[in-house]
Amino acid sequence: MAEHHHHYHHPSSSLCLCDFMRYPAVSFVVYTGDQGVTGQQILDGAYLRFNITLPRPVTFVFLHHRMLVEATSYPHFTLLGQMLGSMFLGWEALTAFVPDLYVDSMGYAFTLPIFRYLGGCKVASYVHYPTVSTDMMCVVRERNSRFNNADFISTNLVLSVVKVVYYCCFALLYGLAGSCSDVIMVNSTWTLGHILALWRSPSRTSVVYPPCDVRAFLDIPLDNEEEMEGWEKLGSEEEGGRDRKCHSIVSVGQFRPEKNHRLQIRAFHKLLNRKAVWPEGRDLLRLVLIGGCRNQEDEERVLMLRGLCQELGLGDRVDFKLNIPFEELKRELGDATIGLHTMWNEHFGIGIVECMAAGTTVLAHKSGGPKMDIVVPYEGSQTGFLANCEDTYAATMETILALSPTARLGIRRSARRSVERFSDQEFEVCFLAAMETLMSNLGQ
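Owing to the predicted nature of the structure, the values given are computational and were not obtained by experimental measurement.

A. Geometry of helix 12 (residues 296–311). With 16 residues, helix 12 ought to run about 22 Å at 1.5 Å a step, and its terminal C-alpha atoms sit 23 Å apart, in line with that. Taken as a whole, helix 12 has its buried residues at Asp298, Arg301, Val302, Leu305, Leu308 and Cys309. The buried side chains of helix 12 occupy one side of the element, clustering within an arc of 115° when seen end-on. Those residues of helix 12 that are exposed and angled more than 90 degrees off the buried face are Gln296, Leu303, Met304, Gln310 and Glu311. Looking at the buried residues of helix 12, the elements they touch are helix 10 (261–272) and strand 10 (318–322).

B. Inspection of the packing of helix 14 (residues 350–358) against helix 17 (residues 405–418) at higher detail. The geometry of helix 14 relative to helix 17 is characterised by a closest axis approach of 7 Å and an angle of 125° between their N-to-C directions. As the angle between them shows, helix 14 and helix 17 are arranged oblique. As helix 14 packs across helix 17, the resulting crossing turns out to be left-handed. Where helix 14 approaches helix 17, its residues Met356, Ala357 and Ala358 are matched on the opposing element by Ala415, Arg416 and Ser418. Partitioning the contact of helix 14 with helix 17 into residue classes produces four nonpolar, one polar and one charged.

C. Representation of the packing of aromatic side chains. Enumeration over the complete set of coordinates arrives at 18 aromatic pairs. Taking the centre distance of 6.1 Å and the plane angle of 90° together, the rings of tyrosine 126 and phenylalanine 427 count as edge-to-face. Here the residue tyrosine 126 occupies a position in strand 5 (residues 122–127), and phenylalanine 427 occupies one in helix 18 (residues 424–440), the gap between them amounting to 301 residues. We note that tyrosine 126, like phenylalanine 427, is buried.

Procedures and definitions
Residues numbered from 1 in each chain as written. Predicted model: local features only at pLDDT ≥ 70, side-chain atom pairs only at ≥ 80, totals over all residues. Heavy atoms only, no water. Helix = DSSP H or I, 4+ residues; strand = E, 2+ residues; numbered from the N terminus. Expected span 1.5 Å × (residues − 1). Buried < 20%, exposed > 50% of the residue type's maximum accessible area, 1.4 Å probe, protein only. Arc of directions from axis to C-beta. Contact = heavy atoms within 4.5 Å. Axes fitted to C-alpha atoms, helices over the stretch in contact; angles between N-to-C directions. Parallel < 35°, antiparallel > 145°, perpendicular 65-115°, else oblique. Left-handed = near helix turned anticlockwise from the far one by under 90°. Nonpolar A, V, L, I, M, F, W, Y, C, P; charged D, E, K, R; others polar. Phe/Tyr/Trp six-rings, centres within 6.5 Å; stacked < 30°, edge-to-face > 60°.

Here it is in structure tokens:
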């Protein structure tokens, strides 16, 4: 059995292998584009990052053309370039080793027909995010400017029409490639809807939530709310207790454009300007943006966000915390009153799950995985809040802050209990159930 592997950017790749290890007659091969490292170093990285150790050895096949699937290689027609690049990379992998079963967990759908029809392999896929979606096509069709739809396209009718046709053609090819898969697993209800629409294979498709190792957050106590009856008493707190009595609103996520940190800052500004917040109340509110910068572009984005804070008069109310250690992240989440998320159509939202496990009252975007799978009632109890624009975010933050500590505690307890649905153990059970037919036929 072979699995396509990039970096161990997500624990599901490692846990897939762990789950398969219960089949003693099956040997395992991992295709990887990593260069300048050994197989053991990759395994050590999986242990250090995710605390995962494989019970049996695996063989690594090192590929040499990973740059062909990286978006930076194609400034224009990125989807088309990555499609052709992944097919070439898949051919390189197949000629290096022909498996009986090929599992793609990286989203390279166009490698599936390569392995199935040229290699004669059984194929399976675990889809984190559809390469193209009906939502993306709607953005272009409606000529909205977003991070993946440049202004010069959204303002030009002809270019918008051309891009819609381009997306439709790509979606057709993507559907044909994906439908080659014998078993299709998706990570959320949102992804399921798009994959069913594009790949049209409902009998072979199932939802397998990604593994969220939230154990490290569960030791944060939940009963640390101050004995104060909500928002109306914010202005009467003594300055001496500022560290405990300050209400921090924490966002966790890389400083990528789709995370929409601008919305967080503008919504926070509107919150501070609402009638219910008098000057003393303002002093007890802080916005904390925690995240990592992948490259210089992300660092420049942080500078722009800092500039927006200065422009809105929030320089002393917003803290940026970049690349902080895990223990500091835990401390920030443990102290936070609200965990903030603003990404439109997040396919799942592991960061939201971590906030809920830490006992933070979550306010997430009313779309995608957060809306459909995560911030949903659990055993009849509320687990968090949803919003979709500056005004609704500001109003909902005000609502959360106005709740009594007892009411907030009830929501936080329900949220923490609900995240058990996303444990490593649940992932293992669902993943093996989906793969059982393929795995049992391997030896035949």
